[in-house]
Amino acid sequence: MTDKIDVASMTRAECAELAESMGEPAYRGFQLFKAVNACPAQPGGLAAATALPKALRGRLSEESRPIGLTEADKIKSASDGTIKYLFAAGNNTIIESVLTEHSYGHAVCVSSQAGCAMGCAFCHTGRAGFTRDLTAGEMAAQVYLAARDALRRPYSVVVMGMGEPLLNFAALTRFLEIITDPEGAGMSRRRITVSTCGIKGRIARLADTGFGVNLALSLHAPDDGLRRRLMPSADAAPIADLLAECAYYFEKTGRRVTYEYILLAGINDGASHAAELARLTRGAGGHVNLIPVNGAEALGFTRPSGGAVRRFAAELAARGVNATIRRSLGEDLSAACGQLIDTRDQKSGTRKA
Ligand code: SAH
Ligand code: SF4
């Protein structure tokens, strides 16, 4: 890539050090951090950061990478107001983010990588393969740019877009530090959720960082055999080990872990699967989020009927496991989970701008 300074991926303390290394007082660095991390994003980037002296602005513009991402396209759902963004992250790399609207405010779904190497059988992103890790600044820019349409800071951020966040660990934790900084977006940790397919050792490592964000583990099967068939990454991470790490996460952070479970008709949605899932998660300090599979017919998967989904939830409830059924937003524009792939030639939503 480039050896230019990546200001957008710098913490506030690092911005202060940068300013000092340029012969400026530390507070100039804080001003820089504030300008770069304005949420909603200020149009104009560094050039518009008028709090900074003109000479410093000029030097920074010359020596740093461009701030933010370029919006390649934006599509608004005709049915529920969800907006799907296609952002260009450098040459030939398109990533996706989604803004959803809820009674309590807006949520932004952020990508952590361009593509994903994990290859889950039901996931379009996984089937398309991996391009590269995103930087912390590219992750933060997704929040700030989507916030422009929300007209304010989002209520919550979910790292559930393209990619496996725990395989981009350093950028993820840097991103968390940046967006929770009170001088930046000031997002509350309790309103940030990181979703992972489960990379051995990394859940515990995330607990040890002390960020205390919400954690979602993509479980999707109650036994290792079926899980390995659906998720190749499961080979290296047995369910028992992942659950032990989730227990550690809860103990260390006090944050409840959510177990995500995609329902695939005829594959993992039977009464025996529910019983086994309940056995695994009961008492684990967490709750189960059931996700009827989205748009994966082409990959060979069918969504169970509404009745089958409710029966599965009832089986869990009867065994003392708290389960919710995820409402899928943005389905008409492939913005729902697992559909994040560059499909510009197939879109069916209403183009916004
Ligand atoms: N890589 C991380 C985060 C991104 S995927 C993870 O796997 O957790 C975010 C969520 O979308 C995961 O729970 C994932 O399993 C789910 N998902 C993937 N494909 C899907 C599909 N076709 N329908 C519904 N959910 C899907
Ligand atoms: Fe990657 Fe998550 Fe999709 Fe699996 S579900 S391929 S881990 S993005």
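Residues numbered from 1 in each chain as written. Chains lettered and ligands numbered in written order. Predicted model: local features only at pLDDT ≥ 70, side-chain atom pairs only at ≥ 80, totals over all residues. Heavy atoms only, no water.

**Description of the packing of helix α1 (residues 12-21) against helix α2 (residues 26-36)**
Orientation of α1 relative to α2, taken along the N-to-C sense of each, is 130 degrees, at an axis distance of 7 Å. The pairing of α1 with α2 is recorded here as oblique in orientation. For the crossing formed where α1 meets α2, the hand is right-handed. From α1, Arg12, Cys15, Ala16, Leu18, Ala19 and Glu20 reach across to α2, where they touch Ala26, Arg28, Gly29, Phe30, Leu32 and Phe33. (Axes fitted to C-alpha atoms, helices over the stretch in contact; angles between N-to-C directions. Helix = DSSP H or I, 4+ residues; strand = E, 2+ residues; numbered from the N terminus. Parallel < 35°, antiparallel > 145°, perpendicular 65-115°, else oblique. Left-handed = near helix turned anticlockwise from the far one by under 90°. Contact = heavy atoms within 4.5 Å.)

**Looking at the pattern of salt bridges**
Scanning the model with the defined rule gives 15 salt bridges in all. For arginine 59, the salt bridge goes to glutamate 63, with nearest N and O atoms at 3.0 Å. Of the two residues, arginine 59 and glutamate 63 both sit in helix α3 (residues 54-63), 4 residues apart, roughly one turn of that helix. Owing to a relative accessible area of 36%, arginine 59 belongs among the partly exposed residues under this scheme. Among the ionic contacts, a cluster of salt bridges with common partners joins Glu71, Lys74 and Asp149. (Salt bridge = Lys/Arg side-chain N within 4 Å of Asp/Glu carboxyl O. Buried < 20%, exposed > 50% of the residue type's maximum accessible area, 1.4 Å probe, protein only.)

**A short note on the site of ligand 1**
Taken together, 18 residues form the shell around ligand 1, and within it Phe122, Gly163, Ser195, Ser218 and His220 come nearest. Glutamate 164 is positioned such that a nitrogen or oxygen atom in its side chain is 3.3 Å from a nitrogen atom of ligand 1. When the free accessible area of ligand 1 is taken as 530 Å², the share hidden by the protein chains comes to 96%. Residue assignment for the shell around ligand 1 shows that the elements contributing at least two residues are β8 (192-196) and β10 (257-263). (Near = heavy atom within 4 Å. Polar contact = N/O pair within 3.5 Å; in protein donor to acceptor, adjacent residues only side chain to side chain. Areas by Shrake-Rupley, 256 points an atom, 1.4 Å probe, with all protein chains shown as cover.)

**Focus: the packing of helix α5 (residues 136-150) against helix α6 (residues 169-180)**
The N-to-C vectors of α5 and α6 enclose an angle of 45 degrees; their axes lie 8 Å apart at closest approach. When the axis of α5 is compared with that of α6, the two are oblique. In this structure, α5 crosses over α6, and the sense of that crossing is right-handed. Contacts from Ala136, Met139, Ala140, Val143 and Tyr144 of α5 reach α6 at Ala171, Leu172, Arg174, Phe175, Ile178 and Ile179. In the contact of α5 with α6, the residues fall into 10 nonpolar, no polar and 1 charged. (Nonpolar A, V, L, I, M, F, W, Y, C, P; charged D, E, K, R; others polar.)

**Comments concerning the site of ligand 2**
Residues in close proximity to ligand 2 include Cys116, Met118, Gly119, Cys120, Cys123, Gly126, Gly163 and Cys197, which together make up its full environment. The class makeup of the residues in the shell around ligand 2 is 5 nonpolar, 3 polar and no charged.

**Quick word on the domain arrangement of the chain**
Under the domain assignment, the chain is made up of domain 1 (7-63) and domain 2 (70-351). Relative to domain 2, the C-alpha centre of domain 1 lies at a distance of 32 Å. Here domain 1 and domain 2 share an interface that buries about 1400 Å² over both sides, 59% of which is from carbon and sulfur atoms. For lysine 34, the salt bridge is made with glutamate 183, and the minimal N-O distance between the two is 3.4 Å. Taken together, the connections running from domain 1 to domain 2 amount to 8 residue pairs in polar contact (both at pLDDT 80 or more). When contributions to the side of domain 1 that touches domain 2 are tallied by element, the ones reaching two or more residues are α1 and α2. In terms of residue count, α2 provides more of the side of domain 1 that touches domain 2 than any other element does, 3 residues in total. Counted by class, the side of domain 1 that touches domain 2 contains 9 nonpolar, 4 polar and 3 charged residues. (Domains from an automatic or database assignment. Buried area = accessible area lost by both parts, 1.4 Å probe.)

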